[in-house]
Amino acid sequence: MKRWRSPTSDHPLTSIALALIAVGVVAIFLVLPLATVFAEALRKGLDVAWAAIDEPDARAAIRLTLLTATIAVPLNAVFGISASWAIAKFDFRGKQLLTTLIDLPFSISPVVSGLIYVLIFGLQGWFGQTLRDWDVKVIFALPGIVLATMFVTFPFVARELIPLMIDQGRDEEEAATSLGASGWQTFLRVTLPNIKWGLLYGVLLCNARAMGEFGAVSVVSGHIRGLTNTMPLHVEVLYNDYQFVGAFAVASILALLAIVTLVLKSVLEWRFADEIAAVHQH
Amino acid sequence: MSLAVDSLVKRFERFPALNGVSFTAPQGAFLALLGPSGSGKTTVLRILGGLEYPDAGSVRFADLNWLDVPARERRAGFVFQQYALFRHMTVAENIGFGLSVRPRRQRPPRAEIARRVEELLALVQLEGLGKRYPNQLSGGQRQRVALARALAIEPRMLLLDEPFGALDAKVRKELRGWLRALHERMGITTVFVTHDQEEAFALADLVAIMNAGRIEQYGTLEDVRRSPKTAFVAEFLETAPLKKADASRHRGDGHPG
């Protein structure tokens, strides 16, 4: 029996082996830990897990996390769009430097990112005395948490948009200008619709990280229970207190957020596949 | 509304793009900027459209210091080499864009814009395609949408960058004849850039032959062909596919050779 095989395809056994390895790795390193989080949270029943979430400190942590993301994500979306716009559509000196700087938060340890803000805004820091005179609290308060979160999550939107906008070029913007559109009209009616999927994707990733950020926020937060603890910090506090069910219950909310993010992204990609293809085609 | 371009100089970071380009054209002229790639012809076109600004020199058009007029107020209909259609808008939305972004007081009502779009679709022979998206059109159709979009703003000047470069030979010839007829009907001063001399000679009244940021020769088709002024022009035209043909026979008929 002669079996036909395309010259570019591997031996069937090779592809089966590769698939098995991939599935195995995903199962062991991704699915299993995620499942463990939920299993541990529900070990003593749903009631106990719910009680761990529905208590003042946990509720405060959830509120703080949501508030931080609500401030940091839109601001980073605006900054990310501005930075990508500048890099993709204009020529200026120092463009390469700006591109590199945008990636800085990815290459710096989050702990260092947090310490930077303590050095600048902390009591012993550069602006410490001034801020105290004005009675403004940055470190161990919401502003510091938001700043640290923004620093860490800054690259997500910009990194998503820069290659997209460079790829799309300036032609459509130039066409809009020559047809009489103002800069703002050009942005709203030409640029934004062309980047909306990339933007949405960047915002989703940015949001996931903003809610989950631990290191940088840990340094500036001060871990004041019910006040400056975000959800990831609250998980750590509970875990260190041997309150495993509580820790995993709050952790499973974070895990759920991540799953919702992924599902949302997939649904959007599936629902608007045609439109996405149209925008990418030129 | 004659056009007078005087001593344009433009330098890009690494190379000079224009080294003093001057020419004049009467109202309603059809002018070709012809030259090899890198000769600066597209830069001249972009300066006329307000998409680049020269380092020195002046442009007068319609009794205005044209360089002082911001790009969005020039009403210079620009047709881009790759058409630059708004890919997320339908054909009708593309064509109506220039009208819909006018300041509120000058903006025609929705129904009026729709009527004008229909008129333009008929003019470029694309009736019934208004609801399509650009990626559902052929190259020749996209080209005509780009032209209709530029015409929608009632341009004072029409600027075309390699208008037929991306099309196959047959469509190119059809559109050429059609564009020439349209120009004769509307009488808009038109400048177009091409590296294809056959195209330049088929369409234009006046030809500026450009090389290395300068105009080597400028004049009517007959003049340029009969008496090339520089070695470059002679050599450039020597490579013409219709070098042995009589220039006057090809003027404006849209079907040379």
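Below: a short report on this structure. Per chain, residue numbering runs from 1 following the sequence as it is written. Each chain gets a letter, beginning with A, and each ligand a number, beginning with 1, in the order they are written. Two thresholds apply to this predicted model, a pLDDT of at least 70 for residue-level local features and 80 or more for giving and counting side-chain atom pairs, whereas whole-chain, interface and lining totals are computed over all residues. The basis for every side-chain value is the complete set of heavy atoms in the structure, and neither hydrogens nor water enter the calculation.

**Some words on the interface of chain A and chain B**
Between chain A and chain B, the contact holds 21 residues from the first and 23 residues from the second. For the pair chain A and chain B, the two sides together bury roughly 2,200 Å², of which 55% comes from carbon and sulfur. Buried area is understood as the total, over both parts, of accessible area removed when two parts are fitted together, assessed with a 1.4 Å probe. Looking at the side of chain A facing chain B, the largest losses of area belong to Ser178, Leu179 and Arg189 of chain A, adding up to 31% of the total buried there. What counts as a salt bridge is simple: a side-chain nitrogen of Lys or Arg found within 4 Å of a carboxyl oxygen of Asp or Glu. One can count two salt bridges joining chain A with chain B. Across the salt bridge formed by Glu172 of chain A and Arg87 of chain B, the nearest N and O atoms sit 2.6 Å from each other. Polar contacts here mean pairs of N or O atoms no more than 3.5 Å apart (in protein, one a potential hydrogen donor and the other a potential acceptor; neighbouring residues in sequence count only if both atoms are side-chain atoms). At the boundary of chain A with chain B, the tally comes to seven residue pairs in polar contact (both at pLDDT 80 or more). For helices the rule is a DSSP run of H or I covering at least 4 residues; for strands it is a run of E covering at least 2, with both sets numbered from the N terminus onward. Taken together, the elements giving at least two residues each to the side of chain A that touches chain B come down to helix H8 (171-178), helix H9 (183-212) and helix H13 (273-280) of chain A. For the side of chain A that touches chain B, the leading source of residues is H8 of chain A, giving seven residues. Across the side of chain A that touches chain B, the residue classes break down as eight nonpolar, nine polar and four charged. Here, two residues are considered to be in contact whenever any of their heavy atoms come within 4.5 Å of each other. Under the scheme applied, nonpolar residues are Ala, Val, Leu, Ile, Met, Phe, Trp, Tyr, Cys and Pro; charged residues are Asp, Glu, Lys and Arg; polar residues are all the others, including Gly.

**Overview of the environment of Phe78 of chain B**
You can see Phe78 of chain B is positioned in strand E6 (residues 76-79). Separated by 39 residues in sequence, Phe78 of chain B and Ser39 of chain B have C-alpha atoms that sit 20 Å apart. Every residue in contact with Phe78 of chain B, bar those within four places of it in the chain, is listed here: Ser178 of chain A together with Leu45, Arg46, Gly49, Leu51, Ala150, Leu159 and Asp161 of chain B.

**Concerning a nonpolar patch on the surface**
Only residues whose relative accessible area exceeds 30% and that form no salt bridge are eligible for patches; like-charged ones are grouped when within 9 Å, while nonpolar side chains (Val, Leu, Ile, Met, Phe, Trp, Tyr) are grouped when within 5 Å. Per-residue and other accessible areas were derived by the Shrake-Rupley procedure at a 1.4 Å probe size, with only the shown protein chains allowed to occlude residues. A surface patch of nonpolar side chains, about 790 Å² in accessible area, is lined by Leu18, Ile21, Val25, Val26, Ile28, Phe29, Leu30 and Val31 of chain A. Along the chain, Ile28 of chain A turns up in helix H1 (residues 12-41).

**Remarks on the sheet that holds E6 of chain B**
Residue and element names in this part refer to chain B. Strands are treated as partners if at least two bridges between them are detected by DSSP. Here we have six strands laid out as an open sheet, ordered E6-E7-E8-E3-E9-E10, and mixed in their pairing. Both edges of this open sheet fall to E6 and strand E10 (214-220), since each of them pairs with a single strand only. In this sheet, neighbouring strand axes are inclined to one another by 15° on average, regardless of whether the strands run parallel or antiparallel. For strand E3 (residues 30-34) and strand E9 (residues 206-211), the ladder comprises four bridges, and the chain directions are parallel. Within the sheet, the bridge partner assigned to Leu33 lies in E9 and is Ala208. Axis definition: a line fit to C-alpha positions, over the contact stretch in the case of helices; interaxial angles, taken between N-to-C directions, run 0 to 180 degrees. Seen against the sheet, helix H1 (residues 41-49) touches E3, E6, strand E7 (157-161), strand E8 (189-194) and E9 and runs at an angle of roughly 150° to E7.

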